[in-house]
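In case you want the letters, here they are:
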Amino acid sequence: MKLKSPFFVKPHSKVKLSDFSTVAHPGCKDEAASKPILEKHRKQLDELQEVLYASQAKAILIVLQGMDTAGKDGTIRHIFSGVNPQGCDVASFKVPTPLEAKHDFLWRCHQQVPPLGMIGIFNRSHYEDVLSPYVHGQMSQKTAQQRMDNINGWERMLVDQGVVVLKFFLHISHAEQTRRLQSRIDTPDKHWKISPADFEERKFWDRYMGAYEKILHRTSRKHAPWFVIPADYKWYRNVAISQILVDAMQSLKLKYPVAAFNPKGIKLEKESPAAAAKQAKARVKAAKQVNAVTGVRS
């Protein structure tokens, strides 16, 4: 699968996030211009998802990573609002439970991988088990590299089994995160989104950027690419990601399966006017009988 995108992280390339814009919006002038584009992408994704679900030939795994307030929830809400919910699952990964901690770090994630025919979205992902421990000095560089190599092998295995893996880093600036956090502080209805960790983790911003640079360098591969999405403008974030998803799913060239039953030649008998009138009278009679028992007047 070859995808052309200005946000694609070339495999094995050195990554410096300061070289990636957080406000770029190529091909889309402003928010007003983005609306019909996003609506078009939603309709395309709805159609493509139906074929994906019917064919049962591939699965799509979407990985969303980013700093707090980067817009992971908003991305899911705005892009997938038109997709049949029966064909899409979302999984989030936080601090491992005691049971999860007793297993290998990929165990809990493997259970959430979408089956063939489905779209799966990881709102934060297996990369959290490298990112946070490394940033906070709880993991050596050697162990972090080993885990990233494990991830490469795991994602390679998923791809070999028919899972398309697409990974998105939602790239926001420190200033934009400040604005979004302040907006939540100033809006009582958004206080539920805030936790003390949001403010504590801001102190480690530079460390997080360094850790993400290592992750993007070491784990962006042709079979499981990373895309650094400029995310200061929410409207462009949605357009950029949805365009990549449409291109990826179209490239699969999936088709509806051959039906096991051919209904050609079958003609259903239309109900005659007399039969329809008889059915209507029967329904009225039944209603009167029910009303007579319950004491309700028709």
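Overview of the structure.

Procedures and definitions
- Residues numbered from 1 in each chain as written.
- Predicted model: local features only at pLDDT ≥ 70, side-chain atom pairs only at ≥ 80, totals over all residues.
- Heavy atoms only, no water.
- Axes fitted to C-alpha atoms, helices over the stretch in contact; angles between N-to-C directions.
- Helix = DSSP H or I, 4+ residues; strand = E, 2+ residues; numbered from the N terminus.
- Parallel < 35°, antiparallel > 145°, perpendicular 65-115°, else oblique.
- Left-handed = near helix turned anticlockwise from the far one by under 90°.
- Contact = heavy atoms within 4.5 Å.
- Nonpolar A, V, L, I, M, F, W, Y, C, P; charged D, E, K, R; others polar.
- Buried < 20%, exposed > 50% of the residue type's maximum accessible area, 1.4 Å probe, protein only.
- 1 Å grid on protein atoms, 1.4 Å probe; cavity = no way out; pocket = protein on both sides within 12 Å on 5 of 7 lines; lining within 4 Å.
- Points joined across faces, edges and corners; volume = space filled by probe spheres on them.
- Patch = residues over 30% accessible without salt bridge, like charges linked within 9 Å, V, L, I, M, F, W, Y side chains within 5 Å.
- Areas by Shrake-Rupley, 256 points an atom, 1.4 Å probe, with all protein chains shown as cover.
- Salt bridge = Lys/Arg side-chain N within 4 Å of Asp/Glu carboxyl O.
- Pairing = 2+ DSSP bridges.

## Some details on the packing of helix α1 (residues 31-55) against helix α10 (residues 234-251)
As a packed pair, α1 and α10 sit with axes 9 Å apart at the nearest point and diverge in direction by 30°. Considered as vectors, α1 and α10 are oriented roughly parallel to each other. Every pair of crossing elements has a handedness; the one defined by α1 and α10 is left-handed. Contacts from E31, S34, I37, L38, H41, Q44, L45, L48, Q49 and L52 in α1 reach W235, N238, V239, S242, Q243, L245, V246, M249 and Q250 in α10. Class assignment of the residues belonging to the contact of α1 with α10 gives a composition of ten nonpolar, eight polar and one charged.

## Details of unusual backbone geometry
The general pattern is negative phi for most residues beyond glycine and trans for most peptide bonds. Its identity as a non-glycine residue notwithstanding, H12 has a phi of 70°, on the positive side. The exposure class assigned to H12 is exposed, which follows from its relative accessible area of 54%. The residue T69 is not glycine, and still its phi comes out positive at about 75°.

## Some remarks on the layout of surface pockets
The volume enclosed by the second largest pocket comes to roughly 190 Å³. Put simply, the parts of the chain that give the lining of the second largest pocket at least two residues each are α1 and α10. The element contributing the most residues to the lining of the second largest pocket is α10, with six residues.

## Remarks on helix α5 (residues 128-135)
Note that an α-helix has 3.6 residues per turn; residues three or four places apart therefore point the same way. With six of eight residues buried, α5 is to be regarded as a mostly interior element. Among the residues making up α5, those that are buried are E128, D129, V130, L131, P133 and V135. In the core, the buried residues of α5 are packed alongside β1 (59-66), α4 (107-110), α6 (141-160) and α9 (205-219). Trailing α5 by a residue or two, G137 shows a phi angle of about 70°, which is positive.

## Quick look at a nonpolar patch on the surface
Nonpolar side chains collect at one region of the surface, where F261, I266 and L268 lie side by side and expose about 390 Å² of accessible area between them. Its location among the elements puts L268 in the loop between α10 and α11 (273-294).

## Some words on the environment of S5
Counting through the fold element by element, S5 comes out in the segment before α1. Counting along the chain gives 270 residues from S5 to A275, while the straight-line C-alpha distance between them is 61 Å. The residues contacting S5, other than those within four sequence positions of it, are F227 and I244.

## Focus: the pairing of strand β3 (residues 119-123)
Within a regular strand, the side chains alternate between the two sheet faces. For β3, the buried fraction is high: five of the five residues fall into the buried class. Burial along β3 is two-sided: I119, I121 and N123 facing one way and G120 and F122 facing the other are all buried. Relative to β3, β1 runs parallel, the two being bridged by five bridges. Residue I60 lies in a different strand from β3, and its bridge partner there is I119. In this structure, strand β2 (residues 88-92) lies alongside β3, joined through five bridges in parallel fashion.

## Looking at the pattern of salt bridges
Across all of its chains, the model carries eleven salt bridges by this definition. Taking the shortest distance from any N to any O, the salt bridge between D68 and R124 comes out at 2.7 Å. Of this pair, D68 sits in the loop between β1 and α2 (72-79) while R124 is found in the loop between β3 and α5, placing the two residues 56 residues apart along the sequence. Among the salt bridges present, the one from E200 reaches K203, with a minimum N-O distance of 3.3 Å. In this structure E200 comes out as partly exposed when scored by relative accessible area, which is 37%. Given the relative accessible area of 63%, K203 is considered exposed. Connected through shared salt-bridge partners, D68, R124 and E128 make up one network.

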